[in-house]
Amino acid sequence: MIKVLIFITLVFALGFGFAWLADMPGTVEITVADQLITVSLMVAAIGIVAVVAAIMLAWWLIRVVFTSPQRMQRFFRARRRDRGYQSLSTGIIAAGAGDSATSRRMLKQANGLLDARSEPLIQLLDAQATLLEGDHTQARAKFEAMLEDPELRTLGMRGLYMEAQRLGDRDAQRHYAEKAAELAPQLVWAGKAAIDLKTASGDWEGAIRLLDKQKQAKQLSKEEANRKRAVLLTALAMDCLETDTARAKQSALEAHKLEPGFAPAATTAAQAAFRLGEMRRGVKVLETTWRKSPHPDVALAYVNARPGDSALDRLKRAQRLESIKPNNTESSLIVAQMAMEAGEFETARKAAAFVLRNEPRESAFMLMADIEDAETGDQGKVREWLSRAVRAPRDPAWTADGYVAEKWAPFSPVTGRIDAFAWKVPVERIGPTIENDLDPMVPGTPSDRGPRTGTDEAAMVTLPPAPAPAEPARPEPEPVRTIAAPVDLSERVRAARSERAHGPAGADGESEPAEGTAQDEPATIDAGTAGDGANEPSDGSTGGEPAPQTPPRPAAREDSDEPAREPAQPGASADRPGGTGNREPAPADHTEPGPDGETGKTGARPAAANGEAGADKSETDDGPVKPPIPDDPGVDPDSEPDRPRRFRLF
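Residues numbered from 1 in each chain as written. Predicted model: local features only at pLDDT ≥ 70, side-chain atom pairs only at ≥ 80, totals over all residues. Heavy atoms only, no water.

Chemist: Which residues make up the packing of aromatic side chains, and what values go with them?
Modeler: Per the counting criterion, the structure on display carries 5 aromatic pairs. Here F75 and F76 contribute two aromatic rings whose centre-to-centre distance is 5.3 Å and whose plane-to-plane angle is 70 degrees, an arrangement assigned as edge-to-face. Look at F75 and you get partly exposed, because its relative accessible area is 48%. The exposure class assigned to F76 is partly exposed, which follows from its relative accessible area of 46%. Between the aromatic rings of F262 and W408, the centroid separation amounts to 5.3 Å while the plane-to-plane angle is 80 degrees, which identifies the pairing as edge-to-face. (Phe/Tyr/Trp six-rings, centres within 6.5 Å; stacked < 30°, edge-to-face > 60°. Buried < 20%, exposed > 50% of the residue type's maximum accessible area, 1.4 Å probe, protein only.)

Chemist: Break down helix α15 (residues 311–324) for me, citing the residues and quoting the values.
Modeler: Compared with an ideal rise of 1.5 Å per residue, which puts 14 residues at 20 Å, α15 spans 20 Å between its outermost C-alpha atoms and is within 8% of the ideal. When we look at burial in α15, the residues that qualify are R314, L315, R317, A318, L321 and I324. Where α15 is buried, its residues contact α13 (279–292), α14 (296–303) and α16 (329–342). (Helix = DSSP H or I, 4+ residues; strand = E, 2+ residues; numbered from the N terminus. Expected span 1.5 Å × (residues − 1). Contact = heavy atoms within 4.5 Å.)

Chemist: Go over the sheet that holds strand β4 (residues 403–405), please, and point to the residues and values.
Modeler: Reading across from one edge, β4-β3-β5 is the order of the 3 strands in this open sheet, with antiparallel pairing throughout. Edge positions in the open sheet fall to β4 and β5 (422–424), since each of these has one partner strand only. Mean inter-strand twist for the sheet, computed between neighbouring axes without regard to direction, equals 45 degrees. Pairing of strand β3 (residues 397–400) with β5 involves 3 bridges; the strand directions are antiparallel. Counted as the bridge partner of W398 is W423 from β5. (Pairing = 2+ DSSP bridges. Axes fitted to C-alpha atoms, helices over the stretch in contact; angles between N-to-C directions.)

Chemist: Can you tell me about the packing of helix α6 (residues 153–167) against helix α8 (residues 188–200), naming the residues and giving the values?
Modeler: Relative to each other, α6 and α8 sit at 40 degrees, their axes nearing to 12 Å. Classified by the interaxial angle, the pair formed by α6 and α8 is oblique. Relative to α8, the crossing made by α6 is left-handed. Judged by residue contacts, M157, R158 and Y161 of α6 engage W189, A193 and L197 from α8. Looking at the contact of α6 with α8, its residues break down into 5 nonpolar, no polar and 1 charged. (Parallel < 35°, antiparallel > 145°, perpendicular 65-115°, else oblique. Left-handed = near helix turned anticlockwise from the far one by under 90°. Nonpolar A, V, L, I, M, F, W, Y, C, P; charged D, E, K, R; others polar.)

Chemist: Got a sec to walk through the pattern of salt bridges? Specific residues and values, please.
Modeler: All chains considered together, the criterion is met by 28 salt bridges. With a shortest N-O distance of 2.8 Å, R361 and E359 are connected by a salt bridge. Taking relative accessible area as the criterion, R361 reaches 5% and is therefore assigned buried. Among the residues examined, E359 registers a relative accessible area of 34% and is labelled partly exposed. Among the salt bridges present, the one from R388 reaches E384, with a minimum N-O distance of 2.8 Å. A residue pair is termed a helical-turn pair when its members lie 3 or 4 positions apart in one helix, as R388 and E384 do in helix α19 (residues 379–391) at 4 residues. Looking at E384, the relative accessible area reads 22%, which means it is partly exposed. Here the residues in one salt-bridge network are R104, D126, E133 and K142, joined through shared partners. (Salt bridge = Lys/Arg side-chain N within 4 Å of Asp/Glu carboxyl O.)

Chemist: Hey, could you go over the environment of G416 for me, with residue numbers and the actual values?
Modeler: One can find G416 in the loop between β4 and β5. Overall, G416 belongs to the buried group, its relative accessible area being 7%.

Chemist: If you had to explain the side chain of R361 to someone new, which residues and values would you point to?
Modeler: As for its position among the elements, R361 is in the loop between α17 (345–358) and α18 (362–375). In terms of polar contacts, R361 uses its side chain to reach the side chain of D395, at 3.4 Å. Those residues in contact with R361, other than ones at most four positions away along the chain, are T329, E330, L333, A392, P393, D395 and P396. (Polar contact = N/O pair within 3.5 Å; in protein donor to acceptor, adjacent residues only side chain to side chain.)

Chemist: Give a detailed account of unusual backbone geometry, specifying residues and quantitative values.
Modeler: In this structure, N327 takes a positive phi of about 55 degrees despite not being glycine. Positionally, N327 belongs in the loop between α15 and α16. A positive phi angle, near 55 degrees, is found at D401, a position not held by glycine. Mapped onto the fold, D401 is located in the loop between β3 and β4. Overall, D401 belongs to the partly exposed group, its relative accessible area being 37%.

Structure, rendered in structure tokens:
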């Protein structure tokens, strides 16, 4: 805008000047070779301007003619330089993209168009292309050659540091990082790498000095610098806590002043103060940190401030922490733990119940298991709490780069990064949320009083053992034609028991049912009774002895459609065709046609005539079913046939 105004001003000035000359009266006389030339003032001015312009044009033409070779040389040189820089730029982009072939080709073009001694980027492209080709030895040699050039020295150190990091050489990493940090404190990578390496080697004071240089160079913000300094001072205090307690206290207190909510700094400062006998100073530090950020380590250091305190004294200190930070999970946990150790189980249960209502976690369920075991000894409830603890969300822990540690550390053991540990919940498995329906205020059954009346535990104690799993039913041959009425199995069982108690019955093998026994009792065979009946001798020719007892088939499984087979009736007579017998038929699921087209029962075997049931049974069956093992813990041979069975959970 200013140039435009200047140009307009000059145009107006020239116009005004020529207008002034045109209006000015007068003539100009020039004598040339005895000739007098008279012109007006305006014509004389125009002539002078034309002569000056002609002289300038002639001078420019003469200069162009004499300087044309240099001009052409500069033109081609500039064109060559532009092509070289274009090739160099393309090669660097290709190297960044990982295209080694293109970067090498562009490097050759740039070398032919540019001077490698005067252009440092060519050396950088050469080193990058060598790295892409996998020749690390040549790449290190090129980076070492860069150290001789002051302009490329930091670049060479960076390349050598990366190569040492690739090889895992920590000494070389520390050497090049420290050198780069000394030459250029503004290099962020050099300062960070040097601090991390000094921290990993335990050189806390050297790391603090480097951190101060970074802070002066304004590479870090004030908050980040204070945080890292607090971490390094805490690590220094922990390192010299045993050897130099006073120095440890001073360093830890400085770290606590920089970060009041940093639990490791507070606990270290408190431990150093307690060892020096400064009880109030240590307690004050812990209480300040507890107000800022409650932490389990701070709580344990607070309640164990005096080693000689009783359990009740520790409980009072825990309650003091709870009053400082009420309605907090960590406060309730430390109160519950100290109350359990002091025998105040009601207080412990209330504190644990608060945690379970607000933030159920693994430690709360484990604590409830300890309370239940210490107060009542009810192992059933203890196992219930423990099973819930296994599925509960995990407690927060010191975690860094996926590594979970029991204690805080100033750097990560995986990457060596300073201030990597954070107090957070580790990565959990994806699973269902457990139902917290167990009341922590209801104590279990004390072990010295037995089960309580009306509780599930009492019911489980009085239940009989669970029966052994039944064997699958064996395939039966074609049923024998039945002309007599089906036999009631319960009647036969009662008859067999009466025969063993009072001696053999009549010659026909039938026996009367026992007195007071209901006729509609469900047909349930006792395992022990069936086994005893199977061992009695059988003799079909003797009429005075009872018929042989055939061991019953095992009951069919619940998921099977085939009903359980019933043994044959030894007392039924085949001489009564079409007879119905003196017993009511037992219910059956379905019938099957017999060999002669008549329907026969699938749930009961027909009786053979004249005491030949044992012979028919031996011919038609695959073999007798083995009775249950007498010492099988899953079968109770003395239990009643119709008694319900239940399974115990534990």
